[in-house]
Amino acid sequence: MTALLNNVRTLAIVCSQWGDTGKGKFVDYFAHEWADIIARGTGGANAGHTIEAGGKRLIVHLVPSGIMCPGKINVIGNGVVLDPRQLARELSELRAGNIDYEDRLIIAQNAKLVLPQHLVLDKMRGIVAGKGKIGTTGRGIGPAYAHYYDRFGLFVNDLLNRDVFVDRLDQNLAECKALLKGYDRPDELKKIMSKPDLGSGMFYSAKDIFDRDNIVAAYLASARELESMVTDTDAFLRESVGRKNILAEGAQGLLLSILFGTYPFVTSSDCSDQGLATGIGLRHRDIDKTLAIVKAFLMTRVGEGAFPTEMGGAKSAFWCGGEAERIAREEGFSSVEEMEVAKYSSLKWDEPNEFLLGIISRLTGKEFGATTHRPRRPGWLDLPLLRYAVHVTGNTDIILTKLDVMGMCPVIKVCNEYEYIGPVYRIGQRTLQSGDRLKVAIPRDDVLKHCRPIYREFPGWMCDIRGITSERDLPLDLKALICFVERETGTHAKILSVGPDREHTIFSN
Ligand code: GDP
Ligand code: IMO
Ligand code: MG
């Protein structure tokens with residue numbers, strides 16, 4: 001580690017795929033080993049970051065993943081959309097787990113507020129969108145960012161000034177009500193607002209859609225718990241650059257970035273290290289090193305959008321997009337995971353049906369959403385998408401995670417290029433025709449959904465690698481595969497992760 005972080009004072013950890021690659025694990029790792037300050041700068045409670053250390057397991061959404069490490073300062077930066085009630089819930093979980101955050105958690109005064117109307121709009125859009133549905137986490141992320149950019153959003157700081165808060169809330173609610181009236185779905189609206197995450201109906205008014213006074217009361221109440229943490233974190237971080245070890249914690253992943261991702265099936269923030277720097281009040285050049293996480297050799301996606309290497313293709317997308325949940329509910333299971341464990345645990349790794357192989361992979365990798373508990377869509381590692389991520393970010397130092405998951409799979413497929421099999425498609429001065437080969441993905445859903453993956457097949461290593469602590473001892477077949485990925489994408493795998501715990505971490509020579 002010392003060599004890797006030589007002369008580094010600000011380190012960013014981001015993801016080069018569709019999220020859920022182990023950012024939580026590695027932010028905790030470097031918080032423990034190296035950082036003084038950990039700062040989140042993008043997204044909101046759509047994130048689900050899992051930390052496993054010292055026999056403890058914690059999932060955080062808004063709280064930065066450095067919180068388990070005593071003495072380290074954790075920052076929620078200006079680029080975050082923050083739901084105070086959600087944060088209050090997380091803080092109570094920390095207290096229940098005896099994790100002391102007193103004087104160690106600070107919140108940007110200029111972070112953006114997520115309010116009940118944002119959750120309502122997010123969920124309502126999921127219903128009215130039909131085919132264009134994004135499959136969001138329902139945490140109000142898109143509407144909160146949209147309102148900020150449309151200049152009628154609220155800041156966390158507004159909670160410190162009652163009159164300002166009420167004024168801006170009224171303006172915001174007026175905009176939201178006009179939209180919701182336009183949707184003309186009063187029954188759906190009532191149903192959405194009776195859910196527990198929307199206060200089980202306390203924010204609903206049959207007459208006026210929103211019970212504004214209850215919103216004011218609830219948000220000012222949760223603000224009282226947070227107000228001592230609200231400060232100018234931008235100034236704090238600027239002043240810390242070069243003096244303290246700063247760890248910038250990414251959320252989501254490059255392919256979900258509003259600027260660089262597979263639009264429109266993306267989130268509403270820029271998940272690149274550049275967006276992350278801005279979201280903690282720094283400049284991109286303040287970041288001395290970025291480590292980009294790549295999950296291999298199983299890659300996943302949650303929500304809608306094209307996924308060329310998905311195991312089981314459209315069937316898997318349908319299953320993970322709601323069908324599995326429907327069946328689980330109908331058959332009395334408490335979750336899709338419980339149902340899949342009950343029905344599919346006995347499947348074997350030489351299963352010829354790729355949809356079923358996807359289920360084995362998901363169960364082995366425990367690939368169920370940390371935020372929504374949705375089954376993550378499983379797929380083979382996609383190098384055209386990785387090449388694209390490397391091209392746009394220049395992030396060649398990578399961390400390969402979850403290498404243990406496919407340990408018993410006899411044949412590992414890696415997509416090395418695509419064959420475009422769609423209609424003639426013009427992109428700038430380029431025209432794609434059926435039969436064209438693509439080595440670098442074009443991150444547009446209209447293109448990706450017509451890309452047929454061309455695979456290279458590799459023999460699996462057929463053993464459990466979790467106990468391995470040195471690169472030297474890894475199976476030769478795995479090492480060959482890692483070299484192939486590095487060579488094909490121009491990356492360097494600096495760290496190899498062979499399990500969820502801090503200890504399951506191997507630094508490469
Ligand atoms: P994040 O959103 O990027 O922080 O990732 P998530 O926490 O949503 O999902 C990653 C999951 O993989 C978590 O359950 C981690 O505990 C787990 N994990 C991280 N690294 C490894 C690894 O190398 N092997 C295995 N088996 N699990 C890992
Ligand atoms: P972490 O930080 C995986 C996905 C959603 C949906 C799309 C838009 O844990 O890696 P949103 O609620 O953001 O408007 O949803 O983005 N998504 C994630 N997928 N990991 C995440 O975060 C995600 N955050 C959002 O599933 O497809
Ligand atoms: Mg996650």
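(A) Structural view of the overall build of the protein. Check the secondary structure of the protein and you find 15 helices and 23 strands. Relative to the compact-globule value of 23 Å for 509 residues, the protein shows a C-alpha radius of gyration of 23 Å, a close match. Its C-alpha atoms put the protein at 65 × 50 × 50 Å along the principal axes. Across the 509 residues of the protein, 58% fall into the buried class.

(B) Layout of the environment of Gln252. Counting through the fold element by element, Gln252 comes out in the loop between strand S12 (246-249) and helix H9 (273-279). Residue classification places Gln252 among the buried residues on the basis of a relative accessible area of 8%. If we skip the residues at most four places from it in the chain, Gln252 touches Cys15, Gly19, Lys23, Gly43, Asn46, Ala47, Thr267, Ser269 and Cys271. Here the side chain of Gln252 touches Asn46 through a polar contact of 3.1 Å, side chain to side chain.

(C) Fine view of the coordination of the magnesium ion (ligand 3). At this site the magnesium ion (ligand 3) is bound by Asp20 (OD) and Gly48 (O), with donor distances of 2.1 to 2.2 Å. Here Gly48 lies in the loop between strand S2 (37-40) and strand S3 (49-53) and Asp20 lies in the loop between strand S1 (10-15) and helix H1 (23-33), a separation of 28 residues in the sequence. What makes Asp20 partly exposed here is its relative accessible area of 22%.

(D) Main features of the packing of helix H11 (residues 336-344) against helix H12 (residues 354-365). Between H11 and H12, the least distance of the axes is 11 Å, while the angle of their chain directions is 120°. Two packed elements cross with a definite hand, and for H11 against H12 that hand is left-handed. For the pair formed by H11 and H12, the contact residues are Glu337, Glu340, Val341 and Tyr344 on the first element and Leu356, Ile359, Arg362 and Leu363 on the second. Looking at the contact of H11 with H12, its residues break down into five nonpolar, no polar and three charged.

(E) Layout of the site of ligand 1. Neighbouring residues of ligand 1: 20 residues in total, closest Lys23, Gly24, Thr50, Asp404 and Ser497. At 3.0 Å from an oxygen atom of ligand 1 is found a main-chain nitrogen or oxygen belonging to Thr21. Asp404 is positioned with one of its side-chain polar atoms (N or O) 2.8 Å from a nitrogen atom of ligand 1. Calculation on ligand 1 without its partners gives an accessible area of 580 Å², and the protein chains cover 95% of this total. For the shell around ligand 1, the residue count by class is three nonpolar, eight polar and nine charged. Built from parts of two domains, the shell around ligand 1 gets at least three residues from each of domain 1 (10-109 + 232-294) and domain 3 (296-509).

(F) The domain arrangement of the protein, seen in detail. Considered domain by domain, the protein is made up of domain 1 (10-109 + 232-294), domain 2 (113-226) and domain 3 (296-509). The gap between the C-alpha centroids of domain 1 and domain 2 is 25 Å. Listed per partner, the contact involves 27 residues of domain 1 and 25 residues of domain 2. Counting each side, the surface lost to burial between domain 1 and domain 2 is near 2000 Å², with a carbon and sulfur contribution of 62%. Of all residues in domain 1, Val81, Pro84 and Arg85 bury the most surface against domain 2, accounting for 31% of the area lost on that side. Our count for the contact surface shared by domain 1 and domain 2 stands at one salt bridge. Between Arg95 and Glu225 there is a salt bridge; the shortest N-O distance is 3.1 Å. There are six residue pairs in polar contact (both at pLDDT 80 or more) connecting domain 1 and domain 2. Going through the elements one at a time, strand S6 (81-82), helix H2 (84-96) and strand S7 (105-108) are the ones with two or more residues in the side of domain 1 that touches domain 2. Ranked by the residues each element gives to the side of domain 1 that touches domain 2, the list is headed by H2, at seven residues.

(G) Local environment of the site of ligand 2. Near ligand 2 there are 20 residues, and of these Lys23, His49, Thr137, Gln252 and Thr267 occur at the shortest range. His49 places a side-chain nitrogen or oxygen 2.7 Å from an oxygen atom of ligand 2. Burial of ligand 2 by the surrounding chains reaches 98%, relative to a free accessible area of 550 Å². Residue classes in the shell around ligand 2 are distributed as seven nonpolar, 10 polar and three charged.

(H) Structural context of the nonpolar core. Counting 72 residues, the largest nonpolar core has Phe297, Leu381, Leu400, Leu403, Met406 and Val414 as its most contacted members. Broken down by element, the residue count for this core peaks at six residues, all from helix H13 (residues 383-393). When sequence neighbours within four positions are dropped, the list of residues in contact with Leu381 reads Gln17, Val294, Lys295, Ala296, Phe297, Met299, Lys413, Val414, Cys415 and Val485.

(I) Expanded view of the pairing of strand S14 (residues 298-301). Neither face of S14 is exposed, since Leu298 and Thr300 on one face and Met299 and Arg301 on the opposite face are all buried. Two strands pair when backbone bridges link them, and S14 and strand S15 (residues 377-382) are joined in this way by four bridges, in the antiparallel orientation. By the bridge assignment for S15, Leu298 is matched with Trp380.

(J) Unusual backbone geometry, seen in detail. Residue Pro264 follows Tyr263 across a cis peptide bond; omega there is 5°. Residue position: Pro264 is located in the loop between S12 and H9. In this structure, Phe297 follows Ala296 across a cis peptide bond, with omega equal to 5°. Take Phe297: it is sitting in the loop between strand S13 (289-295) and S14. The backbone of Asp184 sits at a positive phi, close to 55°, despite the residue not being glycine. Along the chain, Asp184 falls in the loop between helix H5 (162-183) and helix H6 (186-193). Take Asp184: its relative accessible area is 58%, and that puts it in the exposed class.

Cut-offs and rules
- Residues numbered from 1 in each chain as written.
- Chains lettered and ligands numbered in written order.
- Predicted model: local features only at pLDDT ≥ 70, side-chain atom pairs only at ≥ 80, totals over all residues.
- Heavy atoms only, no water.
- Helix = DSSP H or I, 4+ residues; strand = E, 2+ residues; numbered from the N terminus.
- Rg over C-alpha atoms; globule rule 2.2 N^0.38 Å.
- Buried < 20%, exposed > 50% of the residue type's maximum accessible area, 1.4 Å probe, protein only.
- Contact = heavy atoms within 4.5 Å.
- Polar contact = N/O pair within 3.5 Å; in protein donor to acceptor, adjacent residues only side chain to side chain.
- Donors = N, O, S within 2.8 Å, 3.2 Å for Na, K, Ca; no water.
- Axes fitted to C-alpha atoms, helices over the stretch in contact; angles between N-to-C directions.
- Left-handed = near helix turned anticlockwise from the far one by under 90°.
- Nonpolar A, V, L, I, M, F, W, Y, C, P; charged D, E, K, R; others polar.
- Near = heavy atom within 4 Å.
- Areas by Shrake-Rupley, 256 points an atom, 1.4 Å probe, with all protein chains shown as cover.
- Domains from an automatic or database assignment.
- Buried area = accessible area lost by both parts, 1.4 Å probe.
- Salt bridge = Lys/Arg side-chain N within 4 Å of Asp/Glu carboxyl O.
- Core = buried A, V, L, I, M, F, W, Y, C linked by side-chain atoms within 4.5 Å.
- Pairing = 2+ DSSP bridges.

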